[in-house]
Amino acid sequence: MKVKISRGKFEGINACADKRGVIAALAVDHRGNLLQEIARSRGENGTASAADMLAFKTAVTKTLTPYASAILLDPEYGLGAIAGHSPGSGVMLAYEKSGYDFSTKGRLPDLLPEWSVRRLIAVGAQAIKILLYYNPFDEPQINMIKQVYIERIGAECTALDVPFFLEPLVYDDLPGDEKGLAFARKKPEYVVRTIQEFSKPQYGVDVLKVEVPVNPAFMEGTSAFTGEGVAYSSQEAIEHFRNAASATTLPFIFLSAGVTDKVFCEMLELAAEASVKYAGVLCGRATWQGGISVYANEGMTALERWLEDRGVQNIQTINNVLARCATPWWDVYGGKDNIEGLGDDN
């Protein structure tokens with residue numbers, strides 16, 4: 001049975017993929033955390049400004065998009081960087097506010113009040129991205145608010161015929177440390193249940209940007225292993241990757257979650273070892289995080305040199321793994337030929 005995808009959504013996803021149909025995208029939509037890191041890198045009383053943010057995002061965009069199938073930026077600090085992207089790379093824009101209100105329970109999401117999907121398209125977006133914190137075991141009322149929120153955004157993207165990339169990040173406030181061993185053991189189930197939920201058609205999601213279902217810091221044999229406890233063996237991790245992949249019928253890509261490029265590549269290769277058909281990546285810090293302190297302390301020229309050297313090395317390393325391990329986004333639908341209506345104006 002053929003799958004029907006509208007022309008706008010098909011062309012938008014394709015604009016964010018390479019010629020093979022693999023999404024090898026670069027994320028620079030970071031806001032509060034990037035601003036803080038630039039300031040922190042400048043010492044005890046260091047500061048950072050909106051101008052710093054735009055300068056950093058512009059340098060990353062200009063230098064690295066020749067090696068990326070798309071760039072993800074934000075309209076708060078990154079609009080001026082769009083003009084510097086490589087003509088061969090697509091443009092995604094974030095629609096959500098960065099972070100969440102710590103004083104309100106549930107990490108509730110919110111949209112940027114000055115923006116709509118229509119307005120994001122008008123300034124160059126070929127796809128819309130939303131980050132959502134989600135705990136599948138949270139209070140029903142909290143999760144209902146988040147589900148309705150995603151339904152609204154999905155409907156807005158469908159009405160304007162633009163792809164909707166959803167990035168759900170799992171959490172649980174009870175263990176107290178999402179980077180610790182207790183949550184590492186819970187994470188696979190949280191990821192699977194979250195993927196299952198947002199693969200439902202009422203959300204209108206076109207591509208899921210998902211976490212790897214394990215924490216490599218608690219898996220023996222990874223370069224990230226801390227020795228502070230083991231949450232899963234390599235074989236158990238492989239099963240977790242398979243379970244996560246089988247939870248959706250949508251194309252999905254992996255995010256790097258701030259790990260190094262080496263650790264991220266290990267996880268991408270493990271997914272391939274599990275025979276998981278993932279459609280690529282949308283990663284940021286694994287590629288450019290080492291350039292933050294360079295920019296903060298040595299300025300733009302030094303950052304550009306660092307990006308041209310180490311930044312390019314990092315992104316090409318990831319691209320080499322994708323060339324071996326990732327599959328075209330349309331493979332989940334049985335191939336491009338199994339998508340209905342591409343020859344007409346649907």
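The model shown is predicted, which means the values in this text are computed figures rather than measured ones. (Residues numbered from 1 in each chain as written. Predicted model: local features only at pLDDT ≥ 70, side-chain atom pairs only at ≥ 80, totals over all residues. Heavy atoms only, no water.)

Brief notes about the side chain of Lys-187
Structurally, the position occupied by Lys-187 is in helix α6 (residues 181-198). Ignoring any residue separated from it by four or fewer positions in sequence, one finds Lys-187 in contact with Val-170, Glu-211, Val-212, Pro-213, Val-214 and Asn-215. (Helix = DSSP H or I, 4+ residues; strand = E, 2+ residues; numbered from the N terminus. Contact = heavy atoms within 4.5 Å.)

Quick notes on the environment of Ala-159
Note on placement: Ala-159 falls in helix α5 (residues 140-159). Sequence-wise, Ala-159 and Pro-251 are 92 residues apart; in three dimensions their C-alpha atoms are separated by 21 Å.

Focus: the nonpolar core
Soluble globular proteins tend to pack their nonpolar side chains together in the buried interior. Ile-23, Met-92, Ile-150, Phe-241, Phe-254, Tyr-278 and Trp-329 are the most contacted members of the largest nonpolar core, which totals 114 residues. Ranked by residue count, the leading element in this core is helix α11 (residues 300-325), at 10 residues. Other than its neighbours up to four places away in sequence, Phe-254 contacts Val-210, Glu-211, Val-212, Phe-241, Phe-264, Leu-268, Ala-271, Tyr-278, Gly-280, Val-281 and Leu-282. (Core = buried A, V, L, I, M, F, W, Y, C linked by side-chain atoms within 4.5 Å. Buried < 20%, exposed > 50% of the residue type's maximum accessible area, 1.4 Å probe, protein only.)

Examining α5
Here α5 is 20 residues long and its end C-alpha atoms lie 28 Å apart, about the 28 Å a rise of 1.5 Å per residue gives. Of the positions making up α5, those classed as buried are Ile-142, Asn-143, Lys-146, Gln-147, Tyr-149, Ile-150, Ile-153, Gly-154 and Cys-157. Take α5 and look down its axis: the buried residues cluster within an arc of 160 degrees, on one side only. Across α5 from its buried face, at more than 90 degrees, point the exposed residues Pro-140, Arg-152 and Ala-159. Just beyond α5, the residue with positive phi is Asp-161, at close to 55 degrees. (Expected span 1.5 Å × (residues − 1). Arc of directions from axis to C-beta.)

In short, the description is geometric, and any link to function would need to be established separately.
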